[in-house]
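Chain residues, written in single-letter form:
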Amino acid sequence: MAVTGTYTVRDICLKGLKKAGVIAQDAQSAEAYETTTARDSLHVLLKSWQNADFRVFTLASQSVTLTTAASYTLSPVRPMSLETVRFKSDGRETPMIQMMRQEYDELPDKTVTGQPTQYYYDRQREAALLYVWPLLASASGETLEITYWREIEDVDALGEAIDMPAEWYRAVIYGLAADLCDDLELNSPESEAKALMLL
């Protein structure tokens, strides 16, 4: 027996358009421009929620193989933030200490070698770099084990599943309806307040 259904971008857009009063409640589809408007609004809505810490389902992990370099590109994702970074060698993991930008900048010698004990995460707009200190003098299979908060996936093709757990669907629909009412200068039926209440 299935316990969760999957809504596509199209499903969410259609329901949001209905809640906003753009299309009739019994409508089976929307005009192309209405769907495009809803999809674009949905994309912006979900990306903005990342800044509000609505991310309980986006905790993920990755492993980065260390070399003697000072920085590493985190791929294929750009984490919103790092929860923990652990230095792993011979099966043992040691938690590392996070530095702020100023602390990293003020290190007098960024080329000191030893076991990495600290890191600085430079998120940037498109690419993310993780700096470690001290640097390994030589690498022999050591890794960084990273637990991080991932980005919510982009809203793209209408037939794709939306990157939200089923328990968030109502909040997303009401949030989209509120944004559509604002974008289209319609009278919002308290959709924004209901969306926040459902999160």
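Up top you'll find the structure we're talking about.
It should be emphasised that the depicted structure is a prediction, and the values quoted were computed from it without experimental measurement. (Residues numbered from 1 in each chain as written. Predicted model: local features only at pLDDT ≥ 70, side-chain atom pairs only at ≥ 80, totals over all residues. Heavy atoms only, no water.)

*Asks:* Just checking my understanding: could you explain the sheet that holds strand E4 (residues 92–95) for this structure?
*Replies:* To summarise the sheet geometry, strands pair through backbone hydrogen bonds and adopt either a parallel or an antiparallel arrangement. Read from one edge to the other, the open sheet built from four strands follows the order E1-E8-E3-E4, with strand pairing classed as antiparallel. The sheet is open, and its two borders are formed by strand E1 (59–65) and E4, each paired with just one other strand. Pairs of neighbouring strands in the sheet enclose a mean axial angle of 25°, with direction left out of account. The pairing of E1 with strand E8 (residues 143–149) spans seven bridges and is antiparallel. Considered in E8, the bridge of Thr-65 is made with Thr-143. (Pairing = 2+ DSSP bridges. Helix = DSSP H or I, 4+ residues; strand = E, 2+ residues; numbered from the N terminus. Axes fitted to C-alpha atoms, helices over the stretch in contact; angles between N-to-C directions.)

*Asks:* Honestly, the environment of Leu-66 in this entry has me stumped. Any pointers?
*Replies:* Within the secondary structure, Leu-66 is located in the loop between E1 and strand E2 (71–73). Along the primary structure Leu-66 and Lys-88 are separated by 22 residues, whereas in three dimensions their C-alpha atoms are 9.5 Å apart. Not counting the four nearest positions on each side in its chain, Leu-66 is found in contact with Tyr-72, Phe-87, Pro-116, Leu-136, Ala-139, Glu-142, Thr-143 and Leu-144. (Contact = heavy atoms within 4.5 Å.)

*Asks:* How should the pattern of salt bridges be read in this particular structure?
*Replies:* A side chain of one charge can pair with a side chain of the opposite charge when the charged atoms of the two come close. One pass over the structure, following the stated rule, counts seven salt bridges. In this structure, Arg-39 engages Asp-40 in a salt bridge whose closest nitrogen and oxygen atoms are separated by 3.2 Å. Take Arg-39: its relative accessible area is 24%, and that puts it in the partly exposed class. For Asp-40, a relative accessible area of 39% corresponds to the partly exposed category. The closest approach of N and O atoms between Arg-150 and Asp-163, which form a salt bridge, is 2.7 Å. A residue pair is termed long-range when its members are at least 10 positions apart, and Arg-150 in the loop between E8 and helix H4 (169–183) and Asp-163 in the loop between E8 and H4 qualify at 13 residues. Of the two residues, Arg-150 and Asp-163, neither departs from the other in class, the shared state being buried. (Salt bridge = Lys/Arg side-chain N within 4 Å of Asp/Glu carboxyl O. Buried < 20%, exposed > 50% of the residue type's maximum accessible area, 1.4 Å probe, protein only.)

*Asks:* Sorry if this is basic, but what is going on with the pairing of strand E6 (residues 118–122) here?
*Replies:* In regular strands, side chains alternate between the two faces of the sheet. Within E6, four of the five residues are buried, which leaves the element mostly enclosed by the surrounding structure. Two strands pair when backbone bridges link them, and strand E5 (residues 97–98) and E6 are joined in this way by two bridges, in the parallel orientation. Opposite Ile-97, over in E6, you have Gln-118 as the bridge partner. As defined by bridge partners, E6 adjoins strand E7 (residues 129–133) across five bridges and the pair is classed as antiparallel. Bridging from a neighbouring strand, Asp-122 pairs with Leu-129 of E7. Counted between consecutive antiparallel strands, the loop separating E6 from E7 contains six residues, among which Gln-124 sits at a positive phi close to 60°.

*Asks:* Which parts of the structure should I look at to understand the packing of aromatic side chains?
*Replies:* For any pair of aromatic rings, the description consists of the separation of the ring centres together with the inter-plane angle of the planes. Applying the stated criterion across every chain, the model contains six aromatic pairs. With a centroid separation of 6.3 Å and an interplanar angle of 65°, the aromatic rings of Trp-49 and Trp-168 are classed as edge-to-face. Of this pair, Trp-49 sits in helix H2 (residues 32–50) while Trp-168 is found in the loop between E8 and H4, placing the two residues 119 residues apart along the sequence. Since its relative accessible area comes to 7%, Trp-49 is described here as buried. Aromatic pair Tyr-104 and Tyr-120: ring centres 5.7 Å apart, planes at 20°, arrangement stacked. With a gap of 16 residues between them, Tyr-104 in helix H3 (residues 101–105) and Tyr-120 in strand E6 connect regions that are remote in the sequence. Of the two residues, Tyr-104 and Tyr-120, both sit in the buried class. Among the aromatic residues, ring-to-ring pairing joins Trp-49, Phe-57 and Trp-168 into one connected group. Here Lys-110 stacks its cationic end above the ring of Tyr-104, 5.4 Å away from the centre of that ring. (Phe/Tyr/Trp six-rings, centres within 6.5 Å; stacked < 30°, edge-to-face > 60°. Lys NZ or Arg CZ within 6 Å of the ring centre and 35° of its normal.)

*Asks:* For this particular structure, what's the right way to read the environment of Ile-97?
*Replies:* Positionally, Ile-97 belongs in strand E5. Of the residues examined, Ile-97 reaches a relative accessible area of 53% and is grouped as exposed. Along the sequence, Ile-97 and Val-132 sit 35 residues apart, while their C-alpha atoms lie 9.9 Å from each other. Ignoring anything within four residues of it in the chain, the contact list for Ile-97 reads Thr-117, Gln-118 and Tyr-119.

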